[in-house]
Structures are given as structure tokens and as C-alpha cells.
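Here is how the chains run, residue by residue.
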Amino acid sequence: MCGIVGYVGPQAAVEVVGEGLRRLEYRGYDSAGVALVAKGGVVTEKRAGKLANLTEAISQRSDINDQHTGIGHTRWATHGVPNDRNAHPHVSSNGRVAIIHNGIIENFTRLRAELEADGVELASDTDSECVAHLLERQLDTGGDLADAMRRVCNRLQGAFTLLAVHADAPDTVVGARRNSPLVAGVADGEYFLASDVAAFISHTRSAVELGQDQVVTISPDGLAITDFDGNPAAGKHFEVDWDASAAEKDGHDFFMFKEIAEQPKAVADTLRGRFAGTGEISLDEIRMSDQDFRDIDKVIIVACGTSYHAGMVAKYAIEHWNRLAVEVELASEFRYRDPILDRSTLVIAISQSGETMDTLMAVRHAKEQKARVLAISNTVGSTIPREADAVLYTRAGIEVAVASTKAFLTQLVACYLVGLHLAGVRGIKFADEVAAIVTELAATPDKIATVLSGMQPVRDLAAAMPNADRALFVGRHVGYPVAMEGALKLKELAYMHAEGFAAGELKHGPISLIEDGTPVIVVVPSPRGRSVLHDKVVSNIQEVKARGATVIAIAESGDDIISAHADHTVFLPVVPTLLAPLLTAVPMQVFAAELATAKGLDVDQPRNLAKSVTVE
């Protein structure tokens with residue numbers, strides 16, 4: 001959520017900032033704005049709606065094109081409805097300070113009351129505007145913008161990334177972060193600040209990840225970092241390993257279609273170089289000894305949304321390979337139920353961005369209870385991996401579409417690798433047993449490519465259902481969380497009521513939802529690997545068919561029994577049962593994306609959703 005961009009350099013700031021905001025559109029937003037430091041003052045422009053509205057407004061102005069210092073923002077509303085008034089940037093009473101903000105200022109009510117008692121008239125309903133007025137007051141007491149930012153940050157509670165500019169510092173942008181991402185870009189004679197490296201990737205791959213409770217200043221003189229008390233600090237330098245072309249659509253109508261097509265490569269990249277041949281899996285960062293892994297007697301997986309469904313699949317694999325008890329928790333609920341944790345508990349935190357606030361708070365709670373934490377993320381240098389004891393990066397590359405596709409598959413692969421790593425280190429599986437499973441995993445990219453090459457019947461089915469208003473998804477064993485993920489994709493993209501159920505639960509209530517023509521998508525277990533469950537699913541199909549459902553079955557190649565009962569059958573290559581979700585999820589992604597397209601909806605930026613949820 002909330003894209004943030006700052007720039008100081010020789011180029012026209014409005015162009016650099018505008019390009020950065022376009023590259024951050026995928027994060028989700030409902031308004032946008034810019035602030036530029038002009039001669040003798042700060043000029044702003046902001047508009048509700050898409051960036052096109054802001055671009056049109058800027059094109060009508062002659063005072064907003066020649067500045068070399070600026071900040072820009074795409075807002076995802078929390079406090080105050082999405083309109084021009086609540087859009088960022090917000091300015092101080094004297095108009096000389098402008099700020100943008102990602103996150104939530106939890107004590108803003110008290111701060112707002114304090115400002116109003118002093119006669120300040122606030123122009124918006126946001127929590128963010130308070131910061132602009134507080135900065136103005138601090139600047140009036142002396143010091144520069146960075147000094148003022150440090151003093152203000154020490155008064156703020158909650159999660160925030162802040163950028164500020166000041167009319168008296170025409171070549172300076174100051175940023176600050178707490179529990180919300182901020183990264184700097186360093187090029188020859190120019191500097192960038194952003195919530196995501198995608199904002200400046202066309203200008204530089206040299207980046208600096210800001211740490212917790214740090215303030216950064218960029219100017220023509222360079223980049224300077226301190227903590228909130230003013231002590232010099234250092235960020236984490238890294239080189240971005242993808243370029244601007246990775247964020248382009250590559251001939252596809254939507255990023256999501258491109259990212260679905262990239263899944264064979266993404267899975268292969270996640271697997272590349274992981275297996276050492278000794279029965280152990282190579283992690284990216286590890287601050288745990290082998291004995292620490294051997295001491296684990298319980299695993300808890302914490303995640304949100306699509307990542308939660310990946311964790312549900314992981315439970316089946318890790319328990320089967322390790323004979324360890326595994327719990328899967330929604331990160332937003334985890335710390336509020338007083339979970340039982342100790343030094344022998346391994347918490348696996350799954351987050352595509354590495355900044356998901358609910359998951360981050362779950363990680364911190366786990367660390368407070370002395371549990372070990374292993375992070376699975378796609379974003380190098382993000383907060384959750386930095387705070388974890390071990391890290392496995394999915395290496396999926398940038399995912400622009402808000403609804404995750406390749407993130408889900410690569411998270412599944414990462415979970416499998418963690419399960420195999422545990423089994424190898426703990427001596428539950430011999431090296432050759434681990435190698436055999438890794439060999440099967442290594443074969444899945446080609447099989448995913450085969451699935452993708454046969455998706456035209458799925459596209460045709462979706463195109464024929466633009467008026468559908470609901471659907472049910474059912475599965476058993478690892479097919480159950482895949483059914484939940486399929487339903488989530490349809491809700492996210494097609495704005496349809498969709499639910500995923502364990503197939504055995506149909507008769508315990510959900511079957512009452514079936515009417516003539518209700519689409520029921522069934523993830524069918526393998527007749528070879530799970531024959532008992534296969535027979536039960538056949539019975540489930542007969543139950544819903546008897547009540548008028550239209551059954552779309554996703555089944556293993558050669559399953560002639562299912563094709564005799566379903567209205568439509570999508571056949572997939574044969575894989576081991578535990579690895580089947582890597583294939584069965586793909587038709588559901590295609591179905592949801594194509595149905596949304598048939599309804600004329602924006603597949604990449606569904607309404608009300610953000611790519612990275614950085615507030616609780």
C-alpha cells in the first residue's frame with residue numbers, strides 16, 4: 001500500500017517522481033499527489049483517483065516543471081475517505097513544509113487535539129497531516145529539517161514511513177521509518193527515496209535499505225543516516241538483481257497474465273542452487289545451528305492471505321516428512337490468542353514483501369517468547385527477513401499485479417525446501433531420500449509449463465461465465481487449501497462471492513448454497529496417490545450434480561472416472577500428491593483472471609486492495 005517517492009538531482013523532479021509513482025501503482029492506491037520545492041516555496045498538486053487525474057492536473061500548471069527536488073505519493077486510504085482533500089502531500093500552516101506518509105500514526109488523536117488547542121486548523125481528516133504541523137513547530141525552535149524530523153518521530157506511535165521537504169532547504173529530502181519500508185537509491189549525482197526499489201530501478205540498481213527507527217537525508221552532497229536520537233547509523237547496501245524491463249508487461253494485456261506465464265521460471269529460480277547433495281538445503285541466511293534445528297519440537301506457520309494458503313499446504317508436507325506437529329495461524333490473530341511458544345518452537349513467517357505488518361508483529365511476538373523464526377520472503381533486505389533467525393528468499397522477481405500468482409507457487413516451493421531442510425538436519429530422512437524429492441521438485445517447472453500450454457479450455461470457460469455471481473471451490477487433503485486460494489483469487493479479481501471448502505464439509509452446510517448452474521470447482525485427489533479420497537470426491541461431485549451444480553474438475557491426467565461425472569475436466573500432468581498444488585493452483589489463477597477480464601475489470605489493480613499491507 002501507499003507508494004512513496006523522493007528525489008534530489010539534476011533531472012526534472014516532477015518527471016522522476018511521476019515515473020516512480022507509475023512503477024508503484026501495483027501497490028494499490030486511491031489518490032496521488034506531488035510536492036516540489038520551488039524558488040521561495042513548496043508547490044503541490046494532488047488528486048483522488050488514478051494517476052492520470054494527477055498527470056492531467058500537473059499538465060495545466062506552469063510552476064511545477066523545473067524543480068529538482070520533490071516527493072510523490074500514492075495513497076491507500078485509512079484515515080479519511082479517498083478524495084482530493086485527504087490526498088497527500090499535506091502541508092504545514094505556513095505552507096513551507098510538505099510531507100507524505102505511509103502507515104498509521106496511532107496517537108494522532110492526541111496530537112491533533114494538541115494542535116487544535118494551539119489554534120492550528122487542520123485541512124484534512126487524516127492522521128498524516130499532524131506531522132506537517134509538528135515539523136513546522138519544531139523548525140520554529142531551531143535546527144534543520146532532519147533535526148525536526150528526529151524530534152517529531154520520537155513523539156509518534158505506530159507504523160510510518162515519512163518523507164518531508166522544506167522551502168528553506170530547496171535541495172534536500174528527509175525521510176524516516178518505523179515498522180514500514182523505506183529504501184534509498186544512489187546514482188551519479190542524484191539520490192532517491194522510495195517504499196520500493198521499483199520506483200527508481202530505471203535510474204540505478206544501487207540501493208540502501210534503511211533500518212528500524214532511522215532518519216535519512218538526501219541532498220547533492222550525498223546520503224546521511226542517523227537514528228532517532230541523532231547518532232550516526234548505517235543502512236544495508238545491496239544491488240538490485242533485476243532491471244526495469246522486469247516490471248514491463250512484455251506484450252501481455254495485464255501484468256498478472258505475464259506473471260502467470262513466468263511461473264515455470266520463477267519456480268526454477270527458487271530451486272536453483274538449493275540442494276547441496278548432503279541431504280541439507282541451502283538457505284540464504286542462517287543464524288541457527290544444526291542443533292537448533294534438531295531441538296525443534298513444534299512448528300507454527302504465520303502468514304496472511306495467499307501466503308496463509310501456502311502455509312496450509314506446507315503443514316501437510318512438513319508433518320509428513322518430519323513427523324513434527326505443525327500449526328498454521330493467521331498472523332493477524334496469532335499474538336492475540338496467547339500462543340504457546342518457547343525455544344524449541346520454530347515459527348515460519350511467510351510474506352511476499354517481507355513487510356506485511358500483521359506478520360511482522362507476529363514475528364516480534366515470537367521472538368519475545370524466545371522462539372526461533374525462519375522467514376520466507378521475496379524481498380531482499382526487508383524487515384521480516386532482517387529480524388528472522390534464518391531466511392529463504394523465493395527469488396520470484398518483481399510481482400506487480402496485486403493478486404499473487406507466482407508468489408504463491410514460489411512460496412510453496414520454499415515451504416517444501418524448509419520441510420526437507422528440517423528432515424535432513426534432524427536425520428529424519430537420508431540424503432538420497434531428500435535428493436529423490438528434490439528431483440521431483442526440479443521436474444515441476446516443465447510440468448507447470450505444460451499446464452500453461454493447455455489453458456485455452458479454461459479461458460473459454462471463463463469467457464462464457466461473465467454473468468456468474470458466485471462459485472464454490474472444494475478439495476481434500478492438499479487440495480483443500482488450493483480450493484481456498486482459488487476462491488480468494490475469484491473474490492480478489494472478479495468481485496464474486498466465492499468460498500473454498502474441504503469437500504467433506506459440503507454436507508455439513510455449504511451444499512445448501514447449490515442451485516441450478518452454480519459453478520463448483522473441484523480439486524480432485526490422485527486416483528493413484530489418494531485413491532480413498534478420490535472415491536470420496538466422486539461422491540461429492542455426484543451430490544452437487546444432483547442439485548444442479550455445474551462441475552469443473554481439476555484432475556490428474558488419465559482420470560477417466562472423473563471425466564465421466566464432471567461437466568468440464570482440466571487434466572494436469574502426474575506429480576506426487578504433496579507437490580500437486582504447484583500444478584492445481586494454475587488453472588484457478590487463469591480462470592479468475594480471465595473471468596475478471598470478461599467482466600471488464602482491472603486485473604492488476606482490484607478495487608480496495610493493496611499489494612503490501614503495511615498496517616495492522
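Each remark here, short or long, concerns the structure printed above.
What comes next is a walk through the structure. (Residues numbered from 1 in each chain as written. Predicted model: local features only at pLDDT ≥ 70, side-chain atom pairs only at ≥ 80, totals over all residues. Heavy atoms only, no water.)

### Focus on the environment of His309
As for its position among the elements, His309 is in helix α9 (residues 305-322). As for His309 and Leu412, which are separated by 103 residues in sequence, their C-alpha atoms are 9.1 Å apart. Contacts of His309, omitting those with residues within four sequence positions, involve Phe408, Pro481, Met484, Glu485 and Leu488. (Helix = DSSP H or I, 4+ residues; strand = E, 2+ residues; numbered from the N terminus. Contact = heavy atoms within 4.5 Å.)

### Examining the packing of helix α7 (residues 263-271) against helix α15 (residues 444-453)
Taken N-terminus to C-terminus, the directions of α7 and α15 make an angle of 170 degrees; their axes are 8 Å apart at the nearest point. In terms of their interaxial angle, α7 and α15 are classed as roughly antiparallel. Counting all contacts with α7, which are made through Gln263, Pro264, Val267 and Ala268, the residues of α15 involved are Thr444, Pro445, Ile448, Ala449 and Leu452. Per-class residue counts for the contact of α7 with α15 are seven nonpolar, two polar and no charged. (Axes fitted to C-alpha atoms, helices over the stretch in contact; angles between N-to-C directions. Parallel < 35°, antiparallel > 145°, perpendicular 65-115°, else oblique. Nonpolar A, V, L, I, M, F, W, Y, C, P; charged D, E, K, R; others polar.)

### A word on the packing of aromatic side chains
The description of two aromatic rings rests on the distance between their centres and on the angle between their planes. Under the counting rule described, the total for this entry stands at five aromatic pairs. When the centroid spacing of 6.3 Å and the interplanar angle of 10 degrees are considered together, the rings of Phe160 and Phe228 count as stacked. Taken as a pair, Phe160 in strand β7 (residues 158-166) and Phe228 in the loop between β13 (222-227) and β14 (236-239) lie far apart in primary sequence, 68 residues in all. A single burial state applies to Phe160 and to Phe228, both of which are buried. An aromatic cluster is present here, built from Tyr7, Phe192 and Phe200 joined pairwise through their rings. Positioned over the ring face of Tyr29 is Lys50, at 4.9 Å from the centre of the ring. Note that Arg607 overlies the ring of Tyr495, its terminal NZ or CZ placed 3.9 Å from the centroid. (Phe/Tyr/Trp six-rings, centres within 6.5 Å; stacked < 30°, edge-to-face > 60°. Buried < 20%, exposed > 50% of the residue type's maximum accessible area, 1.4 Å probe, protein only. Lys NZ or Arg CZ within 6 Å of the ring centre and 35° of its normal.)

### A look at the environment of Pro581
Mapping Pro581 onto the fold places it in helix α20 (residues 581-598). Measuring from C-alpha to C-alpha, the distance between Pro581 and Leu412 comes to 8.1 Å, with 169 residues separating the pair along the chain. Beyond its immediate chain neighbours, meaning those up to four positions away, Pro581 contacts Val313, Leu412, Tyr416, Val478 and Val482.

### Here we look at the state of the cysteines
Evaluation of the coordinates by the stated rule reveals zero disulfides. In this structure Cys415 is a free cysteine whose sulfur lies 14 Å from that of Cys304, the closest cysteine sulfur available. Under the relative-accessibility criterion, Cys415 is labelled buried at 3%. (Disulfide = S-S within 2.5 Å.)

### A closer look at unusual backbone geometry
With omega at 10 degrees, the peptide bond leading from His88 into Pro89 counts as cis. Tracing the backbone shows Pro89 in the loop between β4 (69-75) and β5 (90-91). Here the phi dihedral of Tyr495 falls at roughly 55 degrees; this positive angle occurs in a residue that is not glycine. Inspection of the secondary structure puts Tyr495 in the loop between α17 (479-494) and β22 (497-502).

### Things to note about the sheet that holds strand β19 (residues 372-377)
With respect to topology, six strands assemble into an open sheet ordered β15-β20-β19-β18-β16-β17, the strand pairing being mixed. Both edges of this open sheet fall to β15 (285-286) and β17 (325-330), since each of them pairs with a single strand only. With four bridges joining them, β19 and strand β20 (residues 390-393) adopt parallel strand pairing. Bridge pairing in β20 links Leu374 to Ala390. Here α9 sits on the sheet in contact with β16 (298-303), β17 and β18 (345-351), set at roughly 175 degrees to β17. Strands in contact with helix α11 (residues 357-368) are β16, β18 and β19; relative to β18, the strand with the most contacts, it is inclined by about 165 degrees. (Pairing = 2+ DSSP bridges.)

### Observations concerning the environment of Thr359
Examined against the element boundaries, Thr359 turns out to sit in helix α11. Residues Thr359 and Ser332, spaced 27 residues apart in sequence, show a C-alpha to C-alpha distance of 7.0 Å. Contact partners of Thr359, with chain neighbours within four places excluded, come to Val302, Ala303, Cys304, Ala331, Ala349, Ile350 and Ile384.

### With respect to the nonpolar core
For soluble globular proteins, the rule of thumb is that nonpolar side chains tend to be buried together. Residues Val299, Ile348, Leu374, Tyr416, Phe473, Leu490 and Phe591 are the most contacted members of the largest nonpolar core, which totals 125 residues. No other element matches helix α13 (residues 406-425), which puts 13 residues into this core. Ignoring sequence-local partners within four residues, the contact set of Phe473 consists of Ala483, Gly486, Ala487, Leu490, Ala498, Glu499, Gly500, Phe501, Ile521 and Met588. In this structure, Val97, Ile105, Cys130 and Val131 belong to the second largest nonpolar core, which totals 28 residues. (Core = buried A, V, L, I, M, F, W, Y, C linked by side-chain atoms within 4.5 Å.)

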